[in-house]
Structure formats: C-alpha cells, structure tokens
Amino acid sequence: MFLINCPYCGERDQQEFKAGGEAHIERPKEPTELSDDEWAEYLFMRKNIKGVQFERWNHTHGCRKWFNMIRDTSNDEIKAIYKMGEKPPSQ
Amino acid sequence: MTKNLRVKSSEYIDETNRISFKFNGKTYHGFKGDTLASALLANNVHLVGRSFKYHRPRGIMTSGSEEPNAIVQINPGSNRTEPNVRATEVEIYEGLEASSQNCWPNVEFDIGGINNILSPFLPAGFYYKTFMWPASFWEKYEFFIRHSAGLGKSPTSSDPDIYDHRNIHCDVLVVGAGISGILAAKNAAKNNFKTLLVDEKNELGGSTIYENNEFNKIDKNAPSEWLKKEIEELKNIKNLEIKTRTSVAAYHQYNYLLARENLTDHLEIKDKTNKIRQRLLKIRARKVILATGSLERPLIFDNNDRPGIMLSSAVKKYSEFYGVACGSKNVFFTNNDSAYESALSLHNKGINVEAIIDIRNQSESKIVKKVIESGIKIYWSHSIVDTDGYKRLNSVSVMKLSNDGTSVTGNKISISCNCLGVAGGWTPAVHLYTQSGSKLKFDEEKQIFLPNQNTSEQISVGSCDGDFKIDEIITNLNKKLKDYLNINETDLDNTKVEIDQENSKRNIWLLPSDKPLGKTKPFVDYQNDATAKDIKLALREGFRSIEHVKRYTTTGMGTDQGKLGNMHALGIIADTAGVKMGELGTTTFRPPYTPLTFGTIVGRNVGKFFDIFRRTPMNDWHVENKAEFENVGQWKRAWYYPINGETMHQAVQRESKAARESAGILDASTLGKIDIQGSDASEFLNRVYTNAWSKLAIGKCRYGLMLNEDGMVYDDGVTTRLGENHYIMSTTTGGAANVLGKLEDYLQTEWPELDVYLTSVTDHYATVSLCGPNSKKILKKITPDLDLSDENFPHMSFKETNIGNIQCRIMRISFTGELSFEINVQASYGKDLWEKCMEAGKEFNITPYGTETMHLLRAEKGFIIVGQDTDGTMTPIDLQMDWIVSKKKYDFIGKRSLYRSDTMREDRKQLVGLLTDDPNVVLEEGAQIVSELNKSPVEMLGHVTSSYFSPNLNKSIALAVVRGGKDMMGKKLFVPMENKNINVTVANPVFYDAKNERLNA
Ligand SMILES: [Zn+2]
C-alpha cells in the first residue's frame, strides 16, 4: 500500500487514489488526419514497462486532481511526483 | 488415568486458578496461564490430531505460532467456533472446548488412517495426476478425496462477535518483544520517537525470559532476571505503546503493516460478549525495527512425526515457562548445542533424560561438559534412523553416522523413550522482512538466509538478523540503533555480557537411514504430509524451480506455510540437484504470517454496513407503500409496487398501462446530475457528446450520447442549458461517478485551456417524473401560475418555477414516449413534492411505477439503456443511432474511432427489434440467436438484450443485438432454448408510436 505525496494535499494512503495508466500520451490534435494505424497507436498501445514508468494518478477520494508519477514497477519505488503539464524532473 | 506432569511452579502459571476445559469431549484441568497445548501436555495428552493426507497420528510439536500439527477446532458446534487454530496459541479459559480436526470418527480411531497404508499410491503430485486422469476416474476418487480433505469446519451461524479496525501512525514500529525488540523499543521511545511495540504472545520477553543457561550473564545477572528488570522499566517510558497478543500478519510497501490484536480470545465466554474480539491495526510507520526472532528447525529422519516428537526448544519452554514435563523418559536429537540447554532444564528438575544423540563429533562448550558431568549419555556422531510407537513415541533406533554423513553403519541401538526433543538449528524468521519486498542472501557459513537488501525504511535486529548469541545481539543491536535512529548513546553502552555458546553445528538436511529412501517416511512438511521422498520424486520428474517443487509436493502450502520445514526442502533440493542453496533462492512468504479470521478482515463492514446503500429522499414513501426494491449501483431503487398480492408481472403490466392511459409517477432522483459552468461550457459539451451543442438555446434540453475514445457508447442522458454559460447534465444512474471522472480527466489533462467547472449535484436534487396523457393536468394543479401550453413549454424545454415556496426546475422530457415532465427540487423537499403530486393526481388514478415499468415503457419505444442494450462494444452506428452523430463537428471523443476499418464493418452486431411468432412467448434476456437449426456447431448471431410482454401492444417485444441485423428486417431467426426453439422475426426496434405523437398528446 503506497504512501502517495499528492502535490495538492500531501501524503495520503494509496486507497484514496486511482491509477490512470501511462503518462505523457497526448490526445492527437487532429485525429482525422491520422491513419488507422496511427490512431490505434494512440488508442491502444501502452508500454507497460518493468522498471521506471511514467504514470498518471488521480486523487479520487481527495482533491480529485490528476498528477504524474514516476514509479519503478519492479519494486514500486515512487521516484517523483509532479503536476499535470509540468516536465518530468530529471532523475 | 491421566497423570499431572507439572514439575515446578512457574511464575507464569497461576496454580491457584484452576481451569477446566474439554478436549474431544473429555474434561481436563489446567491453570491460568496455560495454553491449550501446555495444559494437554500436563495431562499427558500428546495425540491431538491427524495429518492431512495420510491421517497419521500427530502430536504437539512446538510452543508457538509455527505449530504444524496441533491444529484444533475451537468451541465446535457453537456460533463462535473457529477451525484451524494452533493449540499452542490458545490461552485456556473456564469452559473452553476444543476438538481434533481431520479425523473421523475420532482421533484415536481414524478411518482415514488407511491412507497411511495406501501411501505408496499417494505420491507427490497425486492430486495433479488424478485430475489428469479421465473424468470417469475422477468421479470414483471424488468421494474419497472430498471426505479426507479439508481442515476443520466453518461456523454455520453468524458470528456474534464485534471486530474493529484502527489506523495507527508511529515513528518507530518494533515487531517482536524478545530481548532485541524490548531494548530497541526502549531506546527508540527514550529518544523521543513515538514507538509501538507489538508481540504475538501474551507475555513480553520472548525466549530470553525463561533462559536458563547458567553460563550466560548480563551485568552479572541471569539474562532472564536482567530482562525482567528492563521490562519493568518500560512501564515508565512515555511515547511507548505496547500491544501484546498482537500478531503482525502482513508487511506491505511503504511501511504499511497489518496486525491482528486479540482482545477477548483468552476470556471466558460470558466475558466475551459485547466486546471487540479482534482488531485489525493498520499501521503506517516511519521506521520499522524487525525483531521477529528465529524458529528452531526439526531434523529430517524416518518416522520423525510421531506424537511425542517435539522441537527441543519447545520441550524447554514447556518445562521452564509452563512447568510441564513433556515426557517421563526423554531423548534429545541434535546438531548443535541448544538441545543441551533443554536436557539440563529437565535434568535439573529431576526428569529423566535417557540420552542425547548428536550428529556432531564433539562440542567444547561448558554446557556440554556440564551435561556430560551430570551423567547423561551422549551418542556423538550418531543419528536416529527410525522411531516406533503409533499413537505415542515409545522408542528410537540409533546408528553410527559415517564420516561424510551420507550413511549409517554398525549396530542399531534401540532407546526407549516417550518424548524426543529435536534440535536442527535456528532459522531467522524473515517472513515479514521478505513480505516488505526486501531481499535475502544465503550465509554459507551459518547455512541460513539473512536480510541483505532493505527496500523499506527498516532494520532487522537480533536473531532474525542472524545474531544468536546474547553478546552478539547486544553489541550489534547497540550499533544498529545508534545508526538507524541517529542517536549518540544508549542504555546498552555499558552493558557487560558473559557467554558460553558455541555455534558449532553440523547441517545434514536429510539424515541417512539403513533403509532405502523409498521405504522411509522422513517428513519435511508435517501439515501437508510432504516427505523428502516426495521432493526427490518431483526433482526426478523434472521440476527444478523451487516454486514448482513447492506446488507439486504441496511443501509449505499448509496453514503454517511450512515454517518448520522450508529450509530442509531447499536443502534437499540443493543437495539432490547439486546446486548451492544461495542460488536456489527461497519460496515467497505471503501474508498473512498466521491466519486471520474473516471477522478481522472485514471489521465493522458487516450486515448493513457491508456496502453503502444510497436512498432517495422519497425512499420512506416507497417503503410505506410496499415497493419492492432493486439495487442499481449503490442505489436502492423502487422496482415495482405490488398491490393486493400481485406478482411482479401483474404489477408491471398494471403500472405500464396506467402510465400510458392516464398518469404514472417515477422517482428519478438517482439519475446522475452534473452542474457544468464556465465560458467554454458549450465548447466542452461539443467535445464530449457526439452531437452539436453550440446552438442549443437557453431553456432548451437535448439528448446526448457520450462515447469512449474507442468509439463505443459510454453514457447517455439529457442536458439542459440553464444559462449562457451554465448547463445541467444528466447521466445514467450507474454511470454518474465514472462520467464525472472521465470529464474531469479530459478537462485537467487534455483541455486545461477550457474554462469549465464540473460539480456533482446528484444528491442535491430529488427528481419526480410525471408521465402520461394526464401529466400536464396534474402539473397544472401544483403550478397553477405556469403556462404549460405547447407554445410556451414545448417538448425538450425547461422552466424554473415555484411550487408553493419551493423553487423547482421542470424539464419537459420523456423516456417513455409519453407526455412527461421531470420536476427537480432541492433534495430535502423531494418527499413533499412526491406527496403533492400523488395528491393532485388522485383524480387521474396516478400510479407510481418503478424501474421495471420504466424499462418496459422505454423498450416499447426502442430507447436503449446503456449497459443493458450496450456492453462497451456498441457504436452509435451499431445502435442505429446515426442521427445523433454530427457529421459537421471536426472532433469529439470517439469520433476518429467510428472510421476505423473495424468499427465500419457491415457485419458488426447491430441493435434490432425482435418479435416472437407466438405473441405470448417472452424471450429470455441473454438468449442466443441463430439463423438455422439442425446444424452443429451453429453460428451465434447475437443475443437478446431486453425483453418484455407489452401490455400496451398486447404482445411480446424484445431488443437484441444481431450480427448484420440492420439488413435483416423481416428475416426469420430462431432462439434455441433448452426445451424448445422459439421462432422470431427481426423488426424495427421502435414498437410503439413510431411517429412520436404521444409526446404532445
Ligand atoms: Zn490531493
């Protein structure tokens, strides 16, 4: 059970949060210009890395804000947490 | 006659407090302070159970939570009964009853014991192999296996006890209150760390508290006396909370630990009532100090499982702590010095010790010399090759061990005895450590796994970190505490320790026998009856991974998780396969460390607190009027309102007719409501719905369909424009929370530039839906000043008005196809509004209807219910709702996916109507649809999603999804059922009032 440092609320128990999949996948600005393959790449393809992964999390039972997390999926070490729209901190 | 085997008065046993208890129906006596195990041993009862597979007689092996054999059913037959409880952990109380498990008809005569004779036919993997045999074989074995499998009986009535959960935050959690844990907790708390010390036992002090080795001294005192003083001092320390009878079950990441605190299990039944029985502590600790100690290992030899064969350390604890002699003629079998302490403990109390069999050549320690001086016979370089006695050990056979330890030679000596204490060395209890994700390494010299790589904020101290000697423990503990807690001085700086302990040990994982292995039963996992032979068989059959061997042989898979035998299993695999133990790794220790009751896990969340129920403001009215309810998400919704003993069908037919012929009233409060405000609200709706929103006039309503990015229908509902920058969106009842979450996600992450604010107002409003040709007349009566003409208040529009003093929002929208109005008021006025409508509607026979009638009425109109007629694989095109998909909008969520080759396939499942050829036959929802009979296998074209008997059409109607259904209008299909085939015809899904004339009736 992680202890997650919400950038808006501070440290809270994992059960207040929901994971929202891989981070930094931007919705294409002009979807109609994309081929089926390109659209499918955005829609379906996720890395699911064993190791350092960039993820989105939502403080669902708190401030309801989305934020980003860098987590090592092999040992669940949370390396960094930063707000939406911010650049990932260098590690 | 049972004789009392008390040998000394122990300060932990209150001999003035005599307690009677029953075991297997027979009454025995013990004293306050006894465990069930110590009390039974005092009554000379060793045989307490039967093993799982072979039903071999088994006795008490240990004195702690690692017990594999003495597993009992507590208070059998009562509503407080609990199976699979370790007799070594049960504190006795007046009136306690316990019984053996896994035996029938009783533990003395057990029919399953025949398995022991059949054992050549029950090798490792027996169950797996049986499952792979033909099914006909399995049927024959099933009866046999079902009756011999299973540990204990679950209670059949509800648990009368109360359970609780508590969150604890502390700076330092110390797990284990042996000498290391006590000293760690004391020094942490003294240095201003908020400290919690927990131990599974009812007394602090671990094994040091009854340590009797006269050659060990701390500050010139016996370690037990010294520790008692330390414990006494704990009482005066602030910042320190101590919880005994508290077992840490799980150690999760980020120092989140779960512990079970036992509060009433040791009390008499009359004192248990209305108290919290067990409490789950959810501990979040900044720092964790593991002082979990170590477990003694047995030795693995032929027939090492008879009642009377115990761990040497247990024999010592029963003698020193409980004052009980486990046998009158005792033998010890050892590979290290610790058995000598146990032997002396008995000898000093005048209890006969026949011999010590030591697989080592010699030992130089003072304690060994003392044993020799006391006249106890020692067999150096000998091993036990067999034991005898069915329900109780009566002798052991001893032979000389070869120099390399792989065989035995010479004459077989038989030594008569009724208790054998076995000492195979000490295994650090690293279970919690590995649960936390931290990694072990194998210490070749000590032949044990030790903590190596900490992944959490933690340290291990004492014997769980490989420090077994008191001087090592204190010196290393002192250093570790200073480092870890960043403190300069501790109580231990001036502590002087004298010791006589030798670490000399000879490890032979599987001891040799004079018989071939196949003819022996050297048990490795007592609870699951896995022997060394089974492990070797698994290796011969090609299993290599320790995890596979474990599952195939079931080694370590009992309720004790193989706490005693896991190391031997590893050792035997390593020896047989010729690899190093360190390379082999260990199996995974999973939570809980000891079993938890379901009560502890669920805590207060039982009965009506099991799940949250949401009730509408009109709920009391529905209850008073005998509504039946259905669960929709967490909501309790009125389902139908039977009168005069109506069946559900009769009630729904009546309600449906009334709603179309005169007036119906529905509690629609559960629909999700999201308040949307901001200067970009219209643009936002354009992006999230498939249709266009910019041109919706203020005061108008529009139906919207929301897709996922993959083009599949996600939710639907009517949204009303309340002002220039203000909308109220309604969602499906079940989808409300998810829709809000999804919209927030897009707003925060994809379109942060939009000026839009979302607020869930589902609970803020109560909604009454008036429906039917007389609904306008009823509304007129309660809002006499409102102009309800079609010109002023047309279909799909909105008015804000007052009913009496109550402000309300009225939408003229319809989910039934009838003229209808949805009146929204502040939730607290909901019931009042409902009653007003009922009163006003009396003259029109206004009929309350529930969700079932609502579903029927909308099905007559061919309106979908997201989640019933769709399942996350239906596009709007599949639903034949092309009309709602804007061709003009450049983009909206899911738009691009509607042009993927897959979503454009002609042969996708599409929504159609189905009419049965016999109008009285109602299809079953979920029934499959085919185009031909008499063919096998036959292609399933789709399935029925909604089906009702329509009282307004006087025939059966259904909605279905059918592959390529759009082009099948009028086609004959079949719905094959168990006993008959139903002929159906594909039809337009709008069955009723296709021209929508009734909206303005
Ligand atoms: Zn937050």
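Just so it is clear, the model here is predicted, and its values are computed rather than measured. (Residues numbered from 1 in each chain as written. Chains lettered and ligands numbered in written order. Predicted model: local features only at pLDDT ≥ 70, side-chain atom pairs only at ≥ 80, totals over all residues. Heavy atoms only, no water.)

Looking now at the overall build of chain B. Tallying secondary structure elements over chain B gives 24 helices and 49 strands in all. Viewed in the frame of its principal axes, chain B has a C-alpha envelope of about 115 × 70 × 55 Å. Considering chain B as a whole, with its 1001 residues, one finds that 59% of them fall into the buried category. Nonlocal contacts in chain B, meaning residues at least 24 apart in sequence, comprise 67% of its contacts between residues at least 6 apart. A total of about 41,100 Å² of accessible surface is found on chain B, and carbon and sulfur atoms cover 50% of it. Charge centroids of chain B, computed over 124 positive and 125 negative side chains, lie 2 Å from each other. (Helix = DSSP H or I, 4+ residues; strand = E, 2+ residues; numbered from the N terminus. Buried < 20%, exposed > 50% of the residue type's maximum accessible area, 1.4 Å probe, protein only. Contact = heavy atoms within 4.5 Å. Areas by Shrake-Rupley, 256 points an atom, 1.4 Å probe, with all protein chains shown as cover. Lys, Arg positive; Asp, Glu negative; His and termini not counted. Charge placed at Lys NZ, Arg CZ, Asp CG, Glu CD.)

All names here are of chain B. The 5 strands lie next to each other as E16-E23-E17-E18-E19, forming an open sheet whose pairing is parallel. Either end of the sheet is taken by a strand with one partner, and the two such strands are strand E16 (309-311) and strand E19 (377-380). Strand-to-strand, the axes of this sheet are offset by a mean angle of 20°, without reference to chain direction. Packing against the sheet, helix H8 (residues 312-320) makes contact with E16, strand E17 (329-334) and strand E23 (419-423), and its axis sits at approximately 85° to E16. Strand contacts of helix H9 (residues 338-348): E17, strand E18 (352-358), E19 and E23, with the helix running at about 165° to E17, the strand carrying the most contacts. (Pairing = 2+ DSSP bridges. Axes fitted to C-alpha atoms, helices over the stretch in contact; angles between N-to-C directions.)

Let us now look at the interface of chain A and chain B. Many authors give the size of an interface as the accessible area that is lost as the parts come together. Between chain A and chain B, the contact holds 30 residues from the first and 26 residues from the second. At the boundary of chain A with chain B, the tally comes to 6 salt bridges. Notably, a salt bridge pairs Arg286(B) with Glu11(A), separated by 3.1 Å at the nearest N-O pair. Across the chain A-chain B interface, the total number found is 20 residue pairs in polar contact (both at pLDDT 80 or more). Those elements that place two or more of their residues in the side of chain A that touches chain B are strand E2 (10-13), helix H1 (36-44) and strand E6 (77-83) of chain A. A per-element tally of the side of chain A that touches chain B places H1(A) first, with 5 residues. Grouping the amino acids of the side of chain A that touches chain B by side-chain chemistry returns 13 nonpolar, 4 polar and 13 charged. (Salt bridge = Lys/Arg side-chain N within 4 Å of Asp/Glu carboxyl O. Polar contact = N/O pair within 3.5 Å; in protein donor to acceptor, adjacent residues only side chain to side chain. Nonpolar A, V, L, I, M, F, W, Y, C, P; charged D, E, K, R; others polar.)

To continue, consider the nonpolar core. Ranked by size, the top nonpolar core spans 92 residues in total, and within it Leu36(B) and Tyr318(B) carry the most contacts. When residues no more than four places from it in sequence are discounted, the contact partners of Tyr318(B) are Ala37(B), Ser38(B), Leu41(B), Ile60(B), Thr62(B), Ser63(B), Thr88(B), Met310(B), Gly323(B), Val324(B) and Cys326(B). (Core = buried A, V, L, I, M, F, W, Y, C linked by side-chain atoms within 4.5 Å.)

Residues and elements named next belong to chain B. Relative to the assigned elements, Ser656 resides in helix H19 (residues 648-661). We classify Ser656 as buried; its relative accessible area is 0%. Between the C-alpha atoms of Ser656 and Arg614, which are 42 residues apart in sequence, the distance is 26 Å. Leave out the neighbours within four places in its chain, and Ser656 touches Thr853, Leu856, Leu857, Pro951 and Asn952. In this structure the side chain of Ser656 is engaged in a polar contact, spanning 2.7 Å, whose partner is the backbone oxygen of Val652.

Attention now moves to the sheet that holds strand E21 (residues 395-401) of chain B. Residue and element names in this part refer to chain B. Pairing in this open sheet of 3 strands is antiparallel, and the strands run E20-E21-E22 from one edge to the other. Edge positions in the open sheet fall to strand E20 (382-388) and strand E22 (408-416), since each of these has one partner strand only. For this sheet, the mean inter-axis angle between neighbouring strands, taken without regard to orientation, is 25°. By the bridge criterion, 6 bridges tie E21 to E22 in an arrangement that is antiparallel. Counted as the bridge partner of Val396 is Ile415 from E22.

All names here are of chain A. Around the zinc ion, the protein contributes the donor atoms Cys6 (SG), Cys9 (SG), His59 (ND1) and Cys63 (SG), which lie 2.0 to 2.3 Å from the metal centre. Coordination geometry of the zinc ion: the 4 donor atoms subtend angles of 106 to 115° at the metal centre, consistent with an arrangement described as tetrahedral. Between the donor residues of the zinc ion, the gaps in sequence give the motif C-x2-C-x49-H-x3-C. One end of the pair, Cys6, is in strand E1 (residues 3-6); the other, His59, is in the loop between strand E4 (52-58) and strand E5 (66-72), with 53 residues separating them in the sequence. Residue Cys6 shares its accessibility class with His59, and that shared class is buried. (Donors = N, O, S within 2.8 Å, 3.2 Å for Na, K, Ca; no water. Tetrahedral: all angles 85-135°; square planar, octahedral: opposite > 155°, others 65-115°.)

All names here are of chain B. Looking at chain B, the domain boundaries give domain 1 (1-154), domain 2 (162-294 + 428-498), domain 3 (298-424), domain 4 (619-664), domain 5 (667-844) and domain 6 (858-889 + 900-1000). Contacts between domain 1 and domain 3 engage 29 residues on the former and 25 residues on the latter. Both sides of the domain 1 and domain 3 interface together cover about 2,500 Å² of buried area, and 57% of this is carbon and sulfur. It is Val7, His46 and Met61 that lose the most area in domain 1 upon contact with domain 3, and together they represent 25% of the buried surface on that side. Seen at the junction of domain 1 and domain 3, the total is 2 salt bridges. (Domains from an automatic or database assignment. Buried area = accessible area lost by both parts, 1.4 Å probe.)

Our next topic: the confidence of the model for chain B. Here chain B averages 93 in pLDDT, and 95% of its residues register 70 or above. The ipTM, which scores confidence in the relative placement of chains, is 0.98 for this predicted complex, and the corresponding pTM is 0.89. (pLDDT = per-residue confidence, 0-100.)

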